[in-house]
Amino acid sequence: MVSEFPVDREPDSGARQGALGEDARTIRVVLADDSYLLREAITHVLASDPRFEIVATVDNGESLIAAVEAEQPDVVLTDIRMPPSGDDEGIVVANRLRMTHPDLGVVVVSQYADPRYGLALFAGGSDRRAYLLKERLHDRKQLVAALETVMDGGSVVDPKVVEALIAVQVREEDSPLAELTPRELEILSEIAEGRNNQAIAEDLVLTKRAVEKHINAIFMKLGLSHAQDVSRRVKAALIYLAQHQPPADGV
């Protein structure tokens with residue numbers, strides 16, 4: 001069992017602060033993954049951004065909890081499958097941290113799209129939580145955006161996860177999504193990615209009023225309430241995307 005926290009601090013902290021500016025502060029990150037190579041890759045990706053400092057790296061759930069207590073980070077970036085359980089350890093820890101550290105942002109990453117894990121992650125609300133595929137971790141812009149979003153209280157669902165699961169569900173004859181029009185499916189995808197009505201309108205070149213009408217139709221067809229809260233909308237989308245979806249072989 002390897003525990004690598006805290007990591008060595010950069011010797012020139014003044015240079016880091018200078019790059020950030022006097023009013024900016026470093027975003028402190030704890031990284032958890034049982035793959036040494038992936039930990040090194042993520043560290044390399046974030047090393048070029050002076051806004052971020054990886055204050056601890058660990059390879060299991062128990063060490064992750066200890067690192068959070070010791071380092072008091074702003075954000076946790078964690079794999080889902082890690083020791084000691086080897087199954088949904090990252091989700092278990094994320095849900096525990098919601099209780100013990102409610103202001104802490106958590107980004108969980110998975111090799112495959114599995115709605116079971118999305119549901120478990122967002123069961124207590126989607127604020128300050130993100131679910132990304134591991135392939136996104138090599139794209140610094142997407143990784144940074146997810147870390148900043150959860151730190152600011154928002155949520156992120158990987159677009160590829162949303163698109164793949166919607167495509168599977170539409171093919172199911174008994175899927176409630178089969179009743180939606182192509183435009184409504186587009187908007188549902190945007191909702192599941194955590195976008196608000198204004199962002200959806202801009203992305204799809206619609207008026208905000210038109211988006212609101214489509215959303216009302218979506219929730220009516222799915223038999224859901226017309227709640228405008230983004231967290232509830234993400235959770236509702238994931239519930240329906242999870243129906244009849246077989247578990248992934250690995251995460």
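If you're wondering where the values come from, they're calculated on a predicted model, not measured in any experiment.

Enquirer: Hey, could you go over the confidence of the model for the protein chain for me, with residue numbers and the actual values?
Expert: Here the protein chain shows a mean pLDDT of 80. Residues at 70 or above account for 75%. Across residues 8-13, where pLDDT falls below 50, the model places 5 contacts with residues more than four positions away in sequence or in other chains. Overall, residues 244-251 carries pLDDT values under 50, and its contacts beyond four positions in sequence, including any with other chains, amount to 24 contacts.

Enquirer: Tell me about the pattern of salt bridges, and name the residues and values.
Expert: When the charged atoms of two side chains with opposite charge come close together, those side chains can pair. The final tally for this structure, using the stated rule, is 13 salt bridges. Between Glu148 and Arg51 there is a salt bridge; the shortest N-O distance is 2.8 Å. Of this pair, Glu148 sits in helix α6 (residues 140-151) while Arg51 sits in the loop between α2 (36-47) and β3 (52-58), and the two are 97 residues apart along the sequence. With a closest N to O distance of 3.8 Å, Asp87 and Arg81 form a salt bridge. Residue class for Asp87 comes out partly exposed when judged on its relative accessible area of 34%.

Enquirer: Report on the packing of α2 against α6, specifying residues and quantitative values.
Expert: At a minimum axis separation of 10 Å, α2 and α6 run at an interaxial angle of 85 degrees. Relative to α6, the element α2 lies roughly perpendicular. Between α2 and α6, the residues in contact are Ile42, Val45 and Leu46 and Arg140, Leu143, Val144 and Leu147, respectively. Residues of the contact of α2 with α6, tallied by class, amount to 6 nonpolar, no polar and 1 charged.

Enquirer: Requested: an account of unusual backbone geometry, with residues and values cited.
Expert: For the bond running from Pro83 to Pro84, omega is 5 degrees, close enough to zero to count as cis. Considering the arrangement of structural elements, one finds Pro84 in the loop between β4 (75-79) and α4 (89-100). Phi at Gln72 is positive, roughly 50 degrees, even though this residue is not glycine. Within the secondary structure, Gln72 is located in the loop between α3 (61-71) and β4. The residue Val205 is not glycine, and still its phi comes out positive at about 55 degrees. Examined against the element boundaries, Val205 turns out to sit in the loop between α9 (197-204) and α10 (208-222).

Enquirer: So what's going on with the packing of α4 against helix α5 (residues 115-122)? Residues and values would help.
Expert: In a packed pair of helices, the relevant descriptors are the angle between the two axes and the axis-to-axis distance. Between α4 and α5, the least distance of the axes is 9 Å, while the angle of their chain directions is 15 degrees. On the basis of their axis angle, the class for α4 and α5 is roughly parallel. Along this stretch, α4 crosses α5, giving a crossing that reads as right-handed. Taking contact as the criterion, the partners of Ile91, Ala94, Asn95 and Arg98 in α4 are, on α5, Tyr117, Ala120 and Leu121.

So, how was this worked out
Numbering of residues starts from 1 in each chain and follows the order in which that chain's sequence is written. Two thresholds apply to this predicted model, a pLDDT of at least 70 for residue-level local features and 80 or more for giving and counting side-chain atom pairs, whereas whole-chain, interface and lining totals are computed over all residues. Side-chain metrics rest on all non-hydrogen atoms present in the structure, leaving aside hydrogens and water. Values of pLDDT, which run from 0 to 100, indicate the predictor's confidence residue by residue. Here, residues are in contact when the closest pair of their heavy atoms is within 4.5 Å. Here, a salt bridge means any side-chain nitrogen of Lys or Arg that lies within 4 Å of a carboxyl oxygen of Asp or Glu. For helices the rule is a DSSP run of H or I covering at least 4 residues; for strands it is a run of E covering at least 2, with both sets numbered from the N terminus onward. The buried label applies to any residue whose accessible area, calculated with a 1.4 Å probe on protein chains only, is under 20% of its type's maximum; exposed applies above 50%, and partly exposed to all values in between. For every element, the axis is a line fit to its C-alpha atoms; helices are fit only across the contacting stretch, and the angle between N-to-C directions ranges from 0 to 180 degrees. By definition in this entry, angles of less than 35 degrees are roughly parallel, angles greater than 145 are roughly antiparallel, angles of 65 to 115 are roughly perpendicular, and the rest are oblique. All amino acids are sorted into three groups, where Ala, Val, Leu, Ile, Met, Phe, Trp, Tyr, Cys and Pro are nonpolar, Asp, Glu, Lys and Arg are charged, and the leftover types, Gly among them, are polar. Two helices that cross are described as forming a left-handed crossing if the nearer one is turned anticlockwise from the farther one by less than a right angle, and a right-handed crossing if clockwise.

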